[in-house]
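Residue-level structural notes
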Amino acid sequence: MIPILLFFIFFHPGRVNLAELSVPANTDTIYSEDIASVLCHVAGLPLSMPVIELGGGASLSISFDDLRSGSHRYKYEVIHTDMNWNKDELDEYDYIDGFNRSEIRTYAYSTNRNLDYTHYRFELPNNDLRLKISGNFLLHVYEELRKGQRIYLFTRRIMVVEPKVKVNTIFVRPTDGLKYRSHQEIDFEISVKGFPVYNSRQEITCTVMQNGRWSTAVTGLKQNRDKPELLVFDFIDKVSFPAGKEFRFFDIRSLEFRTRFVKKITENANEIIVTLNDDKVRDLFNFLDDQDANGRYIIENQDRPDPRLSSEYVWVDFTLKSPEFFDQQVYLMGAFTDWQCKSPFLLKYDDQSRAYLGSALLKQGYYNYGYVVAGKGGDCSASPIDG
């Protein structure tokens, strides 16, 4: 069974100053093709979501590579947002203790053999910036060319929580008979005993995510029933997710030997190419329980020390044996694509091999991935390929 993560947002509605929203997208987004391997997770837990407890002692680790090499004066800022990830009415001194827009001072040059890059990293909170309240925050990393002129590198959603209530979850069979064997449905209750709630239908809104994916999250959930000291969320075919298969994976932590699902490793003068085994459409295959990383990836190098700097960037070749999906496009999907259908991860159909082909430039590590089909409306679905 694919794990499902719940995240609950407690809020008091506030006004949004639209004049101050001259910021980039409020979703996890990379804006520059030169920025790669962006990781944002709890320090020491590379597969975790960027969620920490207020005053809990944990920190978030943020790292990325600049493929232009050299050094640049990159900065970061943290913005408190409402439940829809739009900047709220709070002033910075209401949620920050210290200094916002500090420079990223920790960086180092790569020691690998091929593509040069510069590795940057920092943690939040730190000596310059501490968070005073819980909530949703947008992290923007950017280069300031001159005062008032920025080039944004990427945005990440981060969350600071306070465990004030208890959540009881119930996995149920989908109420829609057509989804009985293909989807997972969840009901849940929130125990608010001892927590001051005056109008729960206005003050409390819930979001449910599958494997931490914002792109498929069910948002704006309000309780639909009451029990003594319990808020009940019991819907019909509303909090339902496609179950799918386990994620596909490949392991390129070592380039000295082939691992499972790696067909060939080719090293040329200026690049390394990893060719994976051909993938097949699995929509009619039975589900097989196998351990995966819920679509995420880890940067690691078993050949040389300090994987952050010594790991190679390699071209990974993908082949999906499949009939052509007419008027639709097929993309690679996973945490390394920000769970988005992006042009660098678009596969092209080859009539001669009767397969979708594509390549992605990735840093050494362990990767989960899947394939999705995108229609003209932009909706992506893994069901036609993975069931």
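Residues numbered from 1 in each chain as written. Predicted model: local features only at pLDDT ≥ 70, side-chain atom pairs only at ≥ 80, totals over all residues. Heavy atoms only, no water.

Things to note about the side chain of Glu-185
Take Glu-185: it is sitting in strand 15 (residues 183–191). Nearest to the buried, unbridged Glu-185 among oppositely charged side chains is Lys-179, at 7.2 Å. Reaching out from Glu-185, the side chain makes a polar contact with the backbone nitrogen of Asp-237 at a distance of 3.4 Å. In this view, Glu-185 contacts Ile-170, Phe-171, Val-172, Arg-173, Pro-174, Thr-175, Phe-235, Ile-236, Asp-237, Val-239 and Ser-240; residues no more than four positions away in its chain are not counted. (Helix = DSSP H or I, 4+ residues; strand = E, 2+ residues; numbered from the N terminus. Buried < 20%, exposed > 50% of the residue type's maximum accessible area, 1.4 Å probe, protein only. Lys, Arg positive; Asp, Glu negative; His and termini not counted. Salt bridge = Lys/Arg side-chain N within 4 Å of Asp/Glu carboxyl O. Polar contact = N/O pair within 3.5 Å; in protein donor to acceptor, adjacent residues only side chain to side chain. Contact = heavy atoms within 4.5 Å.)

Remarks on the state of the cysteines
A full pass over the atoms with the stated rule returns 1 disulfide. Here Cys-341 connects covalently by a disulfide to Cys-380, the sulfurs 2.3 Å from one another. One end of the pair, Cys-341, is in the loop between strand 27 (329–333) and strand 28 (346–350); the other, Cys-380, is in strand 31 (residues 380–381), and 39 residues separate them in sequence. A residue is classified by how much of its surface remains accessible, and Cys-341, at 27% relative accessible area, is partly exposed. Relative accessible area serves as the criterion here: at 37%, Cys-380 is assigned to the partly exposed category. (Disulfide = S-S within 2.5 Å.)

Focus: a nonpolar patch on the surface
Residues Leu-115, Trp-315 and Leu-361 make up a contiguous nonpolar surface patch of about 220 Å² in total accessible area. Turning to its location among the elements, Leu-361 is positioned in strand 29 (residues 355–363). (Patch = residues over 30% accessible without salt bridge, like charges linked within 9 Å, V, L, I, M, F, W, Y side chains within 5 Å. Areas by Shrake-Rupley, 256 points an atom, 1.4 Å probe, with all protein chains shown as cover.)

Considering the nonpolar core
The biggest cluster of nonpolar side chains holds 36 residues, and the ones touching the most others in it are Phe-250, Phe-318, Val-330, Leu-332 and Tyr-371. Residue assignment for this core shows that the elements contributing at least two residues are strand 23 (272–276), strand 25 (297–299), strand 26 (313–321), strand 27, strand 28, strand 29 and strand 30 (365–374). Sorting elements by how many residues they give to this core places strand 30 first, with 6 residues. Ignoring sequence-local partners within four residues, the contact set of Phe-250 consists of Leu-276, Val-316, Phe-318, Leu-362, Gly-365, Tyr-366, Tyr-367 and Tyr-369. If you look at the next biggest cluster of nonpolar residues, it comprises 26 residues, including Cys-40, Tyr-74, Tyr-120 and Leu-139. (Core = buried A, V, L, I, M, F, W, Y, C linked by side-chain atoms within 4.5 Å.)

Quick notes on the pattern of salt bridges
One pass over the structure, following the stated rule, counts 25 salt bridges. One salt bridge in this structure joins Arg-130 and Asp-97, with 3.4 Å as the shortest N-O distance. Separated by 33 residues along the polypeptide, Arg-130 in strand 11 (residues 129–131) and Asp-97 in strand 7 (residues 96–98) bring together distant segments of the chain. The class of Arg-130 is partly exposed, set by a relative accessible area of 33%. Judged by relative accessible area, Asp-97 falls into the partly exposed class, the value being 38%. Among the charged side chains, a salt-bridge network with shared partners connects Glu-77, Glu-92, Arg-101 and Arg-150.

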